[in-house]
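# Examination of the molecular architecture
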Amino acid sequence: MKLKLSCLLIATALASMTAQAVVTDKMIDADASTPGDVLTNGMGTQGQRYSTLKTINTSNVGSLAPAWAFSFGGEKQRGQEAQPVIHNGKMFITSSYSRIFALDAATGKKLWKYEYRLPEGIMPCCDVINRGAALYDNLVIYATLDAHLVALNQDTGEVVWNEKIDEYTAGYSMSAAPLIAGGLLLTGVSGGEFGIIGRVEARDPKTGKMVWVRPTIEGHMGKKYDKDGNATDNGISGTVNKSWPGDLWKTGGAAPWLGGTYNAKTGLAYFGTGNPAPWNSHIRQGDNLFSCSTVAIDVKTGQIVWHYQGTPNDGWDFDGVNEFITYDEGGKILGGKADRNGFFYVIDAKNGHLENAFPFVKKISWATGIDLKTGRPNFVPENRPGDPTASADGKKGASVVATPSFLGGKNQMPMAYSPDTKLFYVPSNEWGMEIWNEPITFKKGAAYLGAGFTIKAINEDYIGALRAVDPKTGKIVWEAKNNAPLWGGVMTTAGNLVFWGTPEGYLQAADAKTGKIVWKFQTGSGIVAPPVTWEQNGEQYVAVASGWGGAVPLWGGEVAKRVALLEQGGTMWVFKLPKAGGNARADSTPAVASKSVTAPKHAAALVPTNVSLKTVE
Ligand code: CA
Ligand code: CA
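My aim in this report is to walk through the structure given alongside it, one point at a time. Quantities reported herein were computed from a predicted structural model and do not represent experimental measurements. (Residues numbered from 1 in each chain as written. Chains lettered and ligands numbered in written order. Predicted model: local features only at pLDDT ≥ 70, side-chain atom pairs only at ≥ 80, totals over all residues. Heavy atoms only, no water.)

## Some points on the sheet that holds strand β3 (residues 85-87)
The cut-off we apply is this: Criterion used throughout: strands pair if DSSP finds at least two bridges between them. Note on conventions: DSSP H or I runs of at least 4 residues are helices, E runs of at least 2 residues are strands, and numbering of each starts at the N terminus. Comment: axis = line fitted to C-alpha atoms, over the contacting stretch for helices; angle = value between 0 and 180 degrees taken between N-to-C directions.
Ordered by their spatial adjacency, four strands build an open sheet running β3-β4-β5-β6, and the pairing between neighbours is antiparallel. In this open sheet, the two strands that pair with only one neighbour each are β3 and β6 (110-115). Strand after strand, the sheet turns through a mean of 15° between neighbouring axes, direction not considered. Relative to β6, strand β5 (residues 99-104) runs antiparallel, the two sharing five bridges. Each bridged residue has a counterpart across the sheet, and for A102 the counterpart in β6 is W112.

## Here we look at the environment of K206
This is how the line gets drawn: Any two residues whose heavy atoms approach within 4.5 Å are treated as being in contact.
With respect to the helices, strands and loops of the structure, K206 is situated in the loop between β13 (199-203) and β14 (210-215). Separated by 68 residues in the primary sequence, K206 and N138 place their C-alpha atoms 8.9 Å from one another. Each residue touching K206, except ones within four places of it in the same chain, is listed here: Y136, D137, L139 and W161.

## Thoughts on the coordination of the calcium ion (ligand 1)
Rules: With water omitted from the atoms examined, metal sites may look incomplete; donors here are N, O and S atoms no farther than 2.8 Å from the metal, or 3.2 Å in the case of Na, K and Ca. Just to be clear on the cut-offs, tetrahedral is four donors with all angles between 85 and 135 degrees, square planar is four donors and octahedral six with opposite donors over 155 degrees apart and all others between 65 and 115, and anything else goes down as irregular. Here the term buried applies to any residue with accessible area under 20% of the maximum for its type, exposed to any over 50%, and partly exposed to those in between, with areas from a 1.4 Å probe on protein chains only.
At the metal site, the calcium ion (ligand 1) is ligated by D31 (O), D31 (OD), T34 (O), T34 (OG1), D37 (O) and D37 (OD), and these contacts range over 2.2 to 2.5 Å. Around the calcium ion (ligand 1) sit six donor atoms, and with donor-metal-donor angles ranging over 70 to 178° the site reads as irregular. Taken in sequence order, the residues that donate to the calcium ion (ligand 1) follow the motif D-x2-T-x2-D. For D31, a relative accessible area of 3% gives the class buried.

## What about unusual backbone geometry?
Cis geometry is adopted by the peptide bond preceding F290, which originates at L289 and carries an omega value of -5°. Looking along the chain, the bond that leaves T403 and enters P404 is cis, with omega of -5°. For P404, the position within the fold is in the loop between β27 (400-402) and β28 (416-418). In this structure, N241 is a non-glycine residue whose phi angle is positive, near 65°. Looking at where N241 falls in the secondary structure, it is placed in the loop between β16 (231-236) and β17 (260-263).

## Looking at the coordination of the calcium ion (ligand 2)
Protein ligation of the calcium ion (ligand 2) involves E193 (OE), N275 (OD1), D317 (OD), D319 (OD) and D319 (OD), the donor distances falling in the range 2.3 to 2.7 Å. Along the chain, the residues donating to the calcium ion (ligand 2) are arranged with the sequence spacing E-x81-N-x41-D-x1-D. You can see N275 sitting in the loop between β18 (268-272) and β19 (293-298) and its partner D319 sitting in the loop between β20 (303-309) and β21 (325-329), a full 44 residues away along the chain. The exposure classification of N275 matches that of D319, with both residues buried.

## Considering the state of the cysteines
What counts is decided by this rule: In this description, a disulfide is simply a cysteine sulfur pair whose atoms lie within 2.5 Å.
As enumerated under the stated definition, the model contains one disulfide in all. With no disulfide of its own, C292 lies 14 Å from the sulfur of C125, the closest cysteine sulfur. Overall, C292 belongs to the buried group, its relative accessible area being 0%.

Rendered as structure tokens:
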């Protein structure tokens, strides 16, 4: 009897240990308010990228110093756009070429690495990047550039399941961090430049098996799946041919390539969708739903509950993929979105009603504003690139100079929202492009644009600007200009701090209320990833991946030349405050060594504040 009881006690103890070790739905829903871990992309499924931690704050951030750094290695250093996730003292970080690493979060010691074997002929549009992993149960799950999803055991790095999403030879790829919402694994496909069909898929995160799929192009049938994998129809998205002429909806794009956010109170997942295909808007008269939109999907049913389209009949590649961040305001749940088209939208997260819309960049040529009654943009028709069939030889439509450029007032780099200041912190860019249309026909697996373009800077001294935006008034409360285009995400904390990285290599922090830069550190390559923070053993850590790349060097035209001096890299950097009289290093190095790594008190003052890239062109 005694033996039985002690066995039971041991079993109970083991069960509770296991319960702590695995990531549950409850833990994911609570992620934003549990600073001991970072379980989700966005530091919470709402995507606010806000931490309640204030150990590091405006008064002591000046002494923030490296704790450790880890190189992703490999021969090819390319854009590092991923946010790490952290659980049980382990950090999981994806890197270029669909790689993933597990590291000891306190010391940076490598626990395991998994290098996904990519086939020849993958077609990622914008560098061989990845934007992070999801955690569920004892799994870490991420997407690959050949459009697979892979789930690995968090402890061993062994593959538990691997599911093919679609044909990479048809232009499908995947790079977004998966989202866990209501017990499901939600992902979106990439490939809008190849005329693929955008869709959101829901899977069982433990097995990878399909639960439902929701196409984001009007006319396509949704599906749901039973336990044996048998599919049944689950309603058409929209109405066939209502917003698309002819057969164009069959190759319509609208890829939700940046993934989604989720609000447990509304039960809705919010996915932004990319451009309609092809880019030439004259051959697809109509709104072209659900391209360049936010779609709110009921995770239980897989149905689109509401949608809001930022750029109807897009003619500028204004992918509306940007994150929809929900927040509580005056008893309502609202969502904020800084769209690639240059406008910031505030929308009721339950029903899709447009509450406010205003520009967050200074120069917008394609529309004069957004009509708050109809929710539609007031287009400037002469600033739409012309119809090639109206030209003398039928080969090139009238060219226009458009702002923002197709790389956007904002692109993949996520903004942050602070419930303390009630401000959004938006990594924005001011640039334009010359753009024209050309005839195009669809060919599977080939670029499907029907447009030519050159991106140009419009200001001498800056392209990027981190802007603190008040969603109520539309006012820009403060801005911190940056010479190169900003391409990394933002984080804000209860310590009244905003952290973001720059292509020039700095991770920096500003006072969240004033925008005054209070700390910066040179990471050795450009930062195009969002930072995170967490608490471990009573200390607050800040982490960011460094490694220049992404769309700008590949597609940036004249801007790419301007930033050609930036070097590629691939390093995970982690920072913390020095211990009293000691150093910031996480390992047990004797205190004697401490002085060499303790940050100068006013580190920010030691680095140049305005490095001009233009001079070294
Ligand atoms: Ca957490
Ligand atoms: Ca696009």
